[in-house]
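Examination of the molecular architecture
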Amino acid sequence: MSVSKLSSWGHYPYAPQTGREPGWRGSVQTALRDSSARFGTTLPFGNGRSYGDSCLAATDHVLMLRGLDRFIAANWKTGVVRAEAGVTLGEVLALAVPRGWMLPVTPGTQFVTLGGAVANDVHGKNHHVRGTFGRHVRRFSLLRSDCEPLECAPEENVEFYRATIGGLGLTGIVEWVELQLMPVESSRLATQTIPFGNLDEFLALSQEYDAQHEYGVAWIDCLGRGTSLGRGIYVSADHATDQRFDMPQRTVRSVPFAPPWSPVNRFTLKLFNEFYYRRAASKAGPGVVNCASYFYPLDSIRDWNRLYGRRGFQQYQFVVPDGTARDALHAFLDTIASTHAGSFLAVLKRCGPLISPGLLSFPMQGISLALDFPQHDTRNATLFARLDAIVREAGGRQYPAKDAHMSGPDFRAAYPAWQALEQLRDPALMSRFWQRTTH
Ligand SMILES: Cc1cc2nc3c(=O)[nH]c(=O)nc-3n(C[C@H](O)[C@H](O)[C@H](O)COP(=O)(O)OP(=O)(O)OC[C@H]3O[C@@H](n4cnc5c(N)ncnc54)[C@H](O)[C@@H]3O)c2cc1C
């Protein structure tokens, strides 16, 4: 089957992807070889939840893997599940949660495929205790254009195992993934919501609470200034123990079309951030919520990315080490506030010390911040150049899964293992991101 007009989540850069959708595992390697013979290179495409250009093929011809959506094996005594790479995290949860199992690591949307989760080695609100997704991948099958299928595990084809986790889809096509799930006593979460007045309060709070709880994340109002710089809401959580196992289907609303101009501007941002802060602060204290609303609040509005208009938006996510985090975050937020840029969603979280097996994994021990900016060519270029300098000087790095602007020198300095990945790259695969930052 052929597919067209696929795009990344931020719609920037706008480069509609076309290609083939092999529906069966047996047809993937042939499709890979055919596509590369025809176009030179291609790229696996999961569900397009990466924001920038790491999921866009350099040739704009992809292999769409979402059709590989079957479960292969599941052992509900041990929580080990093997499924094709196009199965989404939501589909895993729909089977696993009623049986008392949970994903050990989940990003902020359940519409991510297993292949995409491996390729970006995604992380969640419990990085401080579980590390990244790749740490829970027991084994996977890798299809390359230049050899027979490879089974990769921590002790088998180790080079490819390490390079493929966080390998940005460049080492081959992940055909299926075997994952170790996490047992839970409830799918619901017992939460603690705590407003904080500024960044320093967040740093103290997250240090104390993350050490005691499975999950922790904060939303900050990036328009706050002076003594309110970095004010926000921190929510810690643990699985409840009430033996309730359901994945509630939340009412899904949708944004029907992308307006020509983004309604996200400094006035709507200010209003929204003020409203959100006050509303969340009024709910401070303990609570119990279902897992969909804690992990995936944005999934309840289908196509919310259209709110940024036809020009799309960029997410800027970076992590800085503990030692430099305080100063870097102050400088970062000051810069944003002084330009009145700002973001609806500024998500702040602490990353822990657990090392990923992945060569190019993003998290490092420290603090990560993610912000969304409507696309505006000159304004973003000027602002991002200043923000990049802050991240660089702090010894931090940006997240390729979200990126559409990072410079080649910044990427190569922050991810020195890129050359090892380049050595193992399947010559039939090339993304716009990799071409932009390494060639
Ligand atoms: C609302 C939202 C919240 C998010 N929150 C987080 C978060 O908290 N933490 C986080 O880490 N990320 C987060 N993300 C980013 C998202 O988790 C990653 O970008 C993820 O990799 C997207 O997966 P996908 O299936 O959509 O793959 P795509 O975006 O289509 O592709 C991602 C990469 O995977 C490769 N790939 C896809 N399928 C395969 C395959 N079968 N074999 C080999 N390579 C493959 C592609 O080539 C590409 O390099 C979020 C995204 C959104 C939209």
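One can find the structure itself at the top, above this paragraph.
As a starting point, this report considers the structure included with it. (Residues numbered from 1 in each chain as written. Predicted model: local features only at pLDDT ≥ 70, side-chain atom pairs only at ≥ 80, totals over all residues. Heavy atoms only, no water.)

Right, let's talk about empty space enclosed by the protein for a bit. Using the criterion set out here, one finds 1 cavity of 30 Å³ or more in the structure. By volume, the largest cavity is sized at about 40 Å³. Along its surface, the largest cavity is lined by Ala119, Asn120, Gly166, Leu168, Leu360, Ser361, Phe362, Tyr399 and Pro400. A breakdown of the residues in the lining of the largest cavity according to their chemical character gives 6 nonpolar, 3 polar and no charged. (1 Å grid on protein atoms, 1.4 Å probe; cavity = no way out; pocket = protein on both sides within 12 Å on 5 of 7 lines; lining within 4 Å. Points joined across faces, edges and corners; volume = space filled by probe spheres on them. Nonpolar A, V, L, I, M, F, W, Y, C, P; charged D, E, K, R; others polar.)

Turning our eyes to something else, we now look at a nonpolar patch on the surface. On the surface, Phe272, Phe275 and Tyr276 cluster together into a nonpolar patch covering about 280 Å² of accessible area. With respect to the secondary-structure elements, Tyr276 resides in helix 7 (residues 266-282). For Tyr276, a relative accessible area of 32% corresponds to the partly exposed category. (Patch = residues over 30% accessible without salt bridge, like charges linked within 9 Å, V, L, I, M, F, W, Y side chains within 5 Å. Areas by Shrake-Rupley, 256 points an atom, 1.4 Å probe, with all protein chains shown as cover. Salt bridge = Lys/Arg side-chain N within 4 Å of Asp/Glu carboxyl O. Helix = DSSP H or I, 4+ residues; strand = E, 2+ residues; numbered from the N terminus. Buried < 20%, exposed > 50% of the residue type's maximum accessible area, 1.4 Å probe, protein only.)

We now examine the site of the ligand. The ligand sits among 35 residues. The nearest are Pro44, Arg49, Ser50, Thr113 and Tyr399. Here a nitrogen atom of the ligand sits 2.8 Å away from a polar atom, N or O, in the main chain of His123. Expressed as a share of its isolated accessible area of 970 Å², the protein-covered part of the ligand is 97%. Elements that contribute at least two residues to the shell around the ligand include exactly strand 3 (44-45), helix 3 (114-119) and strand 10 (173-180). No other element matches helix 3, which puts 3 residues into the shell around the ligand. Residues that form the shell around the ligand fall into these classes: 18 nonpolar, 14 polar and 3 charged. (Near = heavy atom within 4 Å. Polar contact = N/O pair within 3.5 Å; in protein donor to acceptor, adjacent residues only side chain to side chain.)

Now for the sheet that holds strand 1 (residues 2-6). The strand order 1-2-4-3 describes an open sheet built from 4 strands, whose pairing is mixed. The sheet terminates laterally at strand 1 and strand 3, the two strands that pair on one side only. Note that strand 1 and strand 2 (residues 17-20) share 3 bridges and pair antiparallel. Residue Leu6 lies in a different strand from strand 2, and its bridge partner there is Gln17. Relative to the sheet, helix 1 (residues 25-39) contacts strand 2 and strand 4 (61-64), its axis offset from that of strand 4 by approximately 175°. (Pairing = 2+ DSSP bridges. Contact = heavy atoms within 4.5 Å. Axes fitted to C-alpha atoms, helices over the stretch in contact; angles between N-to-C directions.)

The next subject is the pattern of salt bridges. As enumerated under the stated definition, the model contains 22 salt bridges in all. Between Arg139 and Glu155 there is a salt bridge whose closest N-O contact spans 3.8 Å. With Arg139 in strand 8 (residues 137-143) and Glu155 in the loop between strand 9 (150-152) and helix 5 (158-164), this pair connects stretches of sequence that are 16 residues apart. Since its relative accessible area comes to 17%, Arg139 is described here as buried. As a salt-bridge pair, Arg350 and Asp322 come within 3.5 Å of each other at their nearest N and O atoms. Of this pair, Arg350 sits in strand 19 (residues 346-351) while Asp322 sits in helix 9 (residues 322-339), placing them 28 residues apart in sequence. Overall, Arg350 belongs to the buried group, its relative accessible area being 12%. On the basis of relative accessible area, Asp322 is assigned to the partly exposed category, the value being 35%.

Below, the discussion takes up helix 9. Between its first and last C-alpha atoms helix 9 spans 26 Å; for 18 residues at 1.5 Å apiece the expected length is 26 Å, and the two agree. Where helix 9 bends most, the angle comes to about 30°, and this point is Ala328. Taken together, the buried positions of helix 9 are Ala325, Ala328, Leu329, His330, Phe332, Leu333, Thr335, Ile336 and Ala337. Taken together, the buried residues of helix 9 touch helix 6 (199-210), strand 13 (215-220), strand 18 (313-321), strand 19, strand 20 (366-374) and helix 10 (377-393). Count one or two residues on from helix 9 and you reach His340, which has phi positive near 55°. (Expected span 1.5 Å × (residues − 1). Bend = angle between axes of the 7 residues up to and from the residue.)

Our focus in this paragraph is the nonpolar core. Ranked by size, the top nonpolar core spans 77 residues in total, and within it Leu114, Phe133, Phe140 and Trp434 carry the most contacts. Among the elements that take part in this core, helix 2 (residues 89-96) stands out by supplying 4 residues, more than any other. Ignoring sequence-local partners within four residues, the contact set of Trp434 consists of Leu168, Leu170, Leu360, Phe411, Trp418, Leu421, Glu422, Arg425 and His439. The next biggest cluster of nonpolar side chains, apart from the first, holds 34 residues, and it includes Phe202, Leu348, Phe373 and Leu387. (Core = buried A, V, L, I, M, F, W, Y, C linked by side-chain atoms within 4.5 Å.)

Take the packing of aromatic side chains next. In the structure shown here, the tally under the stated rule is 22 aromatic pairs. Ring geometry for Tyr294 versus Phe295: centroids 5.4 Å apart, planes at 70°, classification edge-to-face. Feature note: the residues Trp9, Tyr51, Trp304, Tyr308 and Phe313 constitute an aromatic cluster, connected by ring pairs. Just above the ring of Trp24 sits the side chain of Arg70; from NZ or CZ to the centre is 4.2 Å. The ring of Tyr415 has Arg397 sitting right over it, with the charged end atom 5.2 Å from the ring centre. (Phe/Tyr/Trp six-rings, centres within 6.5 Å; stacked < 30°, edge-to-face > 60°. Lys NZ or Arg CZ within 6 Å of the ring centre and 35° of its normal.)

This part covers the side chain of Glu21. Summarising the element assignment, Glu21 is placed in the loop between strand 2 and helix 1. Here Glu21 is buried and forms no salt bridge, its nearest opposite-charge partner Arg66 lying at an N-O distance of 7.0 Å. A polar contact is formed between the side chain of Glu21 and the backbone nitrogen of Gly67, at a distance of 3.1 Å. Setting aside chain neighbours within four positions, we find Glu21 in contact with Met1, Val3, Met64, Arg66 and Gly67. (Lys, Arg positive; Asp, Glu negative; His and termini not counted.)

Where helix 6 contacts helix 9, the two axes come as close as 10 Å, and the packing angle between them is 140°. By the criterion of interaxial angle, the relationship of helix 6 to helix 9 is oblique. As for how helix 6 packs across helix 9, the hand of that crossing is right-handed. Contact residues: helix 6 offers Leu199, Asp200 and Leu203, while helix 9 offers Arg326, Leu329, His330 and Leu333. Taken together, the residues that form the contact of helix 6 with helix 9 break down as 4 nonpolar, 1 polar and 2 charged. (Parallel < 35°, antiparallel > 145°, perpendicular 65-115°, else oblique. Left-handed = near helix turned anticlockwise from the far one by under 90°.)

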